[in-house]
Amino acid sequence: MMDVLATRYYYLVTFVVLGLGAYMMIANRNIVKKIIGMNVFQTGIFLFFIAAAYLDGANPPVLTAEPPYVSPLPHVLILTAIVVGVSLTAVALGLVVRIYAEYGTLDAELIREVRHDE
């Protein structure tokens, strides 16, 4: 077990980043901090896909390179996911601005109480 973790430490880092992002989304009451946690969690997912696509000693998939080749598909998917993640963050922060204008706070518990009283 320790040998696997020593040679594939990037998986351990991936799960630490995923756990940190999940903790930030669950434990914080501030909506902006929840969005930051969501971004950290997304980064952990990106790291996982890129680490899973890594092949030691592999070459880029061009005609002049010798096999084994690295699949470009995970990298392309992650580039697309990064664009989607940035768009999601922009929409979420736009909603945060509207929420703050409406309720005067970014504390999720206080917003929940105000909505319950209405």
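Anything mentioned here points back to the structure above.
None of the values given here were measured: they were computed from a predicted structure. (Residues numbered from 1 in each chain as written. Predicted model: local features only at pLDDT ≥ 70, side-chain atom pairs only at ≥ 80, totals over all residues. Heavy atoms only, no water.)

## Thoughts on a negative patch on the surface
Among the surface-exposed residues, E102, E113, D117 and E118 lie close enough to one another that they form a single negatively charged patch. In this structure, D117 sits in helix α5 (residues 108-117). Classification of D117 by relative accessible area gives exposed; the value is 66%. (Patch = residues over 30% accessible without salt bridge, like charges linked within 9 Å, V, L, I, M, F, W, Y side chains within 5 Å. Areas by Shrake-Rupley, 256 points an atom, 1.4 Å probe, with all protein chains shown as cover. Salt bridge = Lys/Arg side-chain N within 4 Å of Asp/Glu carboxyl O. Lys, Arg positive; Asp, Glu negative; His and termini not counted. Charge placed at Lys NZ, Arg CZ, Asp CG, Glu CD. Helix = DSSP H or I, 4+ residues; strand = E, 2+ residues; numbered from the N terminus. Buried < 20%, exposed > 50% of the residue type's maximum accessible area, 1.4 Å probe, protein only.)

## Focus: the packing of aromatic side chains
In total, this model carries five aromatic pairs according to the counting rule given. When the centroid spacing of 5.1 Å and the interplanar angle of 55° are considered together, the rings of Y10 and Y11 count as tilted. Plain terms: the ring middles of F48 and F49 are 6.0 Å apart, the flat faces sit at 75° to each other, and that makes the pair edge-to-face. Overall, F49 belongs to the partly exposed group, its relative accessible area being 40%. (Phe/Tyr/Trp six-rings, centres within 6.5 Å; stacked < 30°, edge-to-face > 60°.)

## A look at the side chain of T105
Here T105 shows up in the loop between α4 (73-103) and α5. Classification of T105 by relative accessible area gives buried; the value is 17%. Separated by 3.2 Å, the side chain of T105 and the backbone nitrogen of D107 make a polar contact. (Polar contact = N/O pair within 3.5 Å; in protein donor to acceptor, adjacent residues only side chain to side chain.)

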